[in-house]
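# Structural characterization, general
Read off the chains here:
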Amino acid sequence: MESVTHSDLIIEELPPEMMKQKIPDDQLTFGTEFTDRMLLREYKNGAWQPARIMPFQNFSLSPAALVFHYGQAIFEGLKAFRQNNGRIVLFRPDMNAERMWNSAKRLVMPPLDKEFFVDSIKTLVRLEKDWIPSKKGTALYIRPTMIATQPILGVRPSEEYYYFVILSPSAPYFKEGFSPTKIKVEDKYTRAAPGGVGEAKTAGNYAASLYAAKLAKQEGYSQVLWLDACQKKYVEEVGAMNIAFVLDDTIYTSPLKGTILPGITRDSVLQISKDLGYKVKEESLAIDTIVEGIESGSLTEIFGMGTAAIISPVGEIKYKDKVLQINNGNIGEKTKAIYDELTGIQYGIKEDKYGWIVPVEE
Ligand SMILES: Cc1ncc(COP(=O)(O)O)c(C=O)c1O
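Model, not experiment: these values are computed from the prediction.

## Some details on the site of the ligand
- Near the ligand lie 17 residues; those nearest to it are K201, Y206, E237, T265 and T307.
- At 2.8 Å, a side-chain N or O of R99 approaches an oxygen atom of the ligand.
- Note that an oxygen atom of the ligand is positioned 2.6 Å from one of the side-chain N or O atoms of T265.
- Compared with its free state, where it exposes 390 Å², the ligand has 96% of that area covered by protein.
- If you map the ligand onto the pockets, it falls in the largest pocket.
- Listing elements by their share of the shell around the ligand, those giving two or more residues are β13 (235–238), α5 (264–275) and β17 (299–306).
- In terms of residue class, the shell around the ligand is made up of seven nonpolar, six polar and four charged.

## Describing the domain arrangement of the protein
- Domain annotation for the protein reports domain 1 (3–170) and domain 2 (181–346).
- Of note, the centres of domain 1 and domain 2, computed from C-alpha atoms alone, are 28 Å apart.
- The interface is formed by 23 residues belonging to domain 1 together with 22 residues belonging to domain 2.
- At the boundary of domain 1 with domain 2, total buried surface from both sides reaches about 1,900 Å², with 60% on carbon and sulfur atoms.
- Among the residues of domain 1 in contact with domain 2, F75, F91 and R99 are the three that bury the most area, contributing 32% of the side total.

## Concerning helix α3 (residues 114–127)
- In this model α3 runs 20 Å from its N-terminal to its C-terminal C-alpha over 14 residues, within 8% of the 20 Å that 1.5 Å per residue would give.
- Listed in full, the buried residues belonging to α3 are F116, F117, V118, S120, I121, K122, T123, L124 and V125.
- Capping the start of α3 is the job of one residue whose side-chain oxygen sits 3.3 Å from the backbone nitrogen of E115: D113.

## Description of empty space enclosed by the protein
- Under the defined criterion, the tally for this structure stands at two cavities of 30 Å³ or more.
- Computed from the structure, the largest cavity encloses a volume of approximately 130 Å³.
- In terms of lining, the largest cavity is formed by 14 residues, of which the most central are K79, F81, F91, T307 and Q346.
- Among the elements of the structure, β7 (78–82), α5 and α7 (333–346) are those that each provide at least two residues to the lining of the largest cavity.

## Things to note about the packing of aromatic side chains
- Across all of its chains, the model carries 14 aromatic pairs by this definition.
- For the ring pair F75 and Y206, a centre distance of 5.2 Å and an interplane angle of 55 degrees mean the geometry is tilted. Here F75 is found in strand β6 (residues 73–75), whereas its partner Y206 is found in helix α4 (residues 203–218), with 131 residues between them in sequence.
- Ring geometry for F117 against Y163: centres 6.5 Å apart, planes inclined by 40 degrees, an arrangement best described as tilted. Here Y163 lies in strand β10 (residues 161–170) and F117 lies in helix α3, a separation of 46 residues in the sequence. The two residues F117 and Y163 agree in class, both being buried.
- Every member of this aromatic cluster is reached through a ring pair, and the members are Y43, W48, F116, F117, Y161 and Y163.
- Taking the ring centre of W101 as reference, the NZ or CZ of K114 above it sits at 4.8 Å.

Rules used in this analysis
Residues numbered from 1 in each chain as written. Predicted model: local features only at pLDDT ≥ 70, side-chain atom pairs only at ≥ 80, totals over all residues. Heavy atoms only, no water. Near = heavy atom within 4 Å. Polar contact = N/O pair within 3.5 Å; in protein donor to acceptor, adjacent residues only side chain to side chain. Areas by Shrake-Rupley, 256 points an atom, 1.4 Å probe, with all protein chains shown as cover. 1 Å grid on protein atoms, 1.4 Å probe; cavity = no way out; pocket = protein on both sides within 12 Å on 5 of 7 lines; lining within 4 Å. Sits in = over half its atoms within 2 Å of the grid points. Helix = DSSP H or I, 4+ residues; strand = E, 2+ residues; numbered from the N terminus. Nonpolar A, V, L, I, M, F, W, Y, C, P; charged D, E, K, R; others polar. Domains from an automatic or database assignment. Contact = heavy atoms within 4.5 Å. Buried area = accessible area lost by both parts, 1.4 Å probe. Expected span 1.5 Å × (residues − 1). Buried < 20%, exposed > 50% of the residue type's maximum accessible area, 1.4 Å probe, protein only. Points joined across faces, edges and corners; volume = space filled by probe spheres on them. Phe/Tyr/Trp six-rings, centres within 6.5 Å; stacked < 30°, edge-to-face > 60°. Lys NZ or Arg CZ within 6 Å of the ring centre and 35° of its normal.

Given below as structure tokens:
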């Protein structure tokens, strides 16, 4: 196969028979379709080897590969947007590069050069730009992943890894889109304890969350709201997003103390909220305070925030045997204003005064 080499990035040709049919924007779901190309980079002999952009394809790994046994796996999630003027952009990819670096360190994996992380994603997205949907709310979801591939049994850091990136044209994560979701507060199982790996984006955190999520789904709830592991008193985050509460006209979200994922959307929302003139506090709220606030009317809005979920209003929460409606199940004023500002910047409708938008092509 003919190849073009750019220093440490080799671009393989895509045979026409490997090109797939594209899905119309209004038929997209989340994470079910993948584009024609992927990126793969191997780590062996103590170094990252040249990366290859190649046709999307299966891997062949030994059943003894360490990832299958001891879960040494980390990943990221970011999006490429097709803006109104046709420009293709990434949203704060440097933050994903930084978080991937931190996750790698925590899981004793070889960190990936941050410039390579961003530049190689730009190249891959540029090649796959025809796959980027344009309908508001849709985007090209980008999934960089690193796994331990050394075929050896024994609990130890692998000496071999795959770093790969796949792309998926997607609709918002929740089928509700920007409509209120229902969330169950989990008071038995926990997600992350202090000193654990809660702030790393590692596969095991998600595997550990599945059972509680399954029970919540059986009761009709989209996701679980986790409480702190020690006292089961303070709210932490939701399955795939951080969470904020508007109490007494102030936006509260849990602080970054090691047990929640440091969300890039969370960071952006904090900045946007301050600039919209809202009071913001990075403080843990007790679940009892939240319940009392909803019952007394002083807690007026709850919303989730994440790359996949965007801004996701919460219309109902269940805690023990209490089912509580927030704002009569309607989208709150601050939630809407923050959603408009964030998506406005991402889709090029509003000015990016923060320098968060990174064009894929100049
Ligand atoms: C557990 C968890 N918390 C929070 C988030 C939000 O992070 P971000 O805004 O960087 O997507 C995610 C997103 O994937 C997540 O999986």
